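# Structural overview for review
One letter stands for each residue in the lines below.
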Amino acid sequence: MDPLTLVMLAVLALLVFFMFRNGRKRQKDTLALQSKMVAGADVMTNFGLYGTIVSIDEEENKVALEIAPGTIVQIHRQTIARVVEPTVVGDDVVLDDTVDETAGTPAIVGEPEYGQRTETEPTDDAASDSTSVTDTNTEPKKGDA
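Note that this is a predicted model, so its numbers are computed, not measured.

On to the nonpolar core, then. Across soluble globular proteins, nonpolar side chains have a tendency to be buried as a group. Listed in full, the ten residues of the largest apolar core are Leu-33, Met-37, Ala-41, Val-43, Ile-53, Val-63, Leu-65, Ile-75, Ile-80 and Val-83. Once you skip the residues sitting within four places of it in the chain, Ile-53 turns out to touch Met-37, Val-38, Ala-39, Gly-40, Ala-41, Val-43, Val-63, Ala-64, Leu-65 and Ile-80.

So, on to the side chain of Thr-45. Among the secondary structure elements, Thr-45 is positioned in strand β1 (residues 42-45). Under the relative-accessibility criterion, Thr-45 is labelled buried at 0%. Non-local contacts of Thr-45, meaning those with residues more than four positions away in its chain, are made with Leu-65, Ile-75, Thr-79, Ile-80 and Ala-81.

On to the environment of Leu-65, then. Relative to the helices and strands, Leu-65 is located in strand β3 (residues 62-68). It is 9.5 Å that separates the C-alpha atoms of Leu-65 and Gly-40, two residues lying 25 residues apart in sequence. Leaving out residues up to four positions away in the same chain, Leu-65 has contacts with Val-43, Thr-45, Gly-51, Thr-52, Ile-53, Thr-71, Ile-72, Val-73 and Ile-75.

Conventions and cut-offs
- Residues numbered from 1 in each chain as written.
- Predicted model: local features only at pLDDT ≥ 70, side-chain atom pairs only at ≥ 80, totals over all residues.
- Heavy atoms only, no water.
- Core = buried A, V, L, I, M, F, W, Y, C linked by side-chain atoms within 4.5 Å.
- Buried < 20%, exposed > 50% of the residue type's maximum accessible area, 1.4 Å probe, protein only.
- Contact = heavy atoms within 4.5 Å.
- Helix = DSSP H or I, 4+ residues; strand = E, 2+ residues; numbered from the N terminus.

Okay, here's the thing in structure tokens:
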């Protein structure tokens, strides 16, 4: 056999190997999802709908999904994309020992959350400079989210 034929057979063998490997991986993921799908589990569907499983009909492949209190929809079992795990709030929040008099709770020290509005006060240098312009308007500007 010439070397080109051997290389082509090797590439074909690699393609077949990866095809079977991908199929087994997908099958394992599907079985893991099916084992997590029980009544009471929070899930997300393929089309982005979140809800809680009320019941599963194995014979007709239907799932009763509660999307709001008292609102139950019937969907096909295969449209459930994933089981939503509860998110844990990060442990990196540091509480200050000082107490906020208005709220009566410890103040949180650190950076604001993404998108959170903060009130910034001008520094002493900016306040004493007569040429600086400070914006005292608290209304959101046109590009603010």
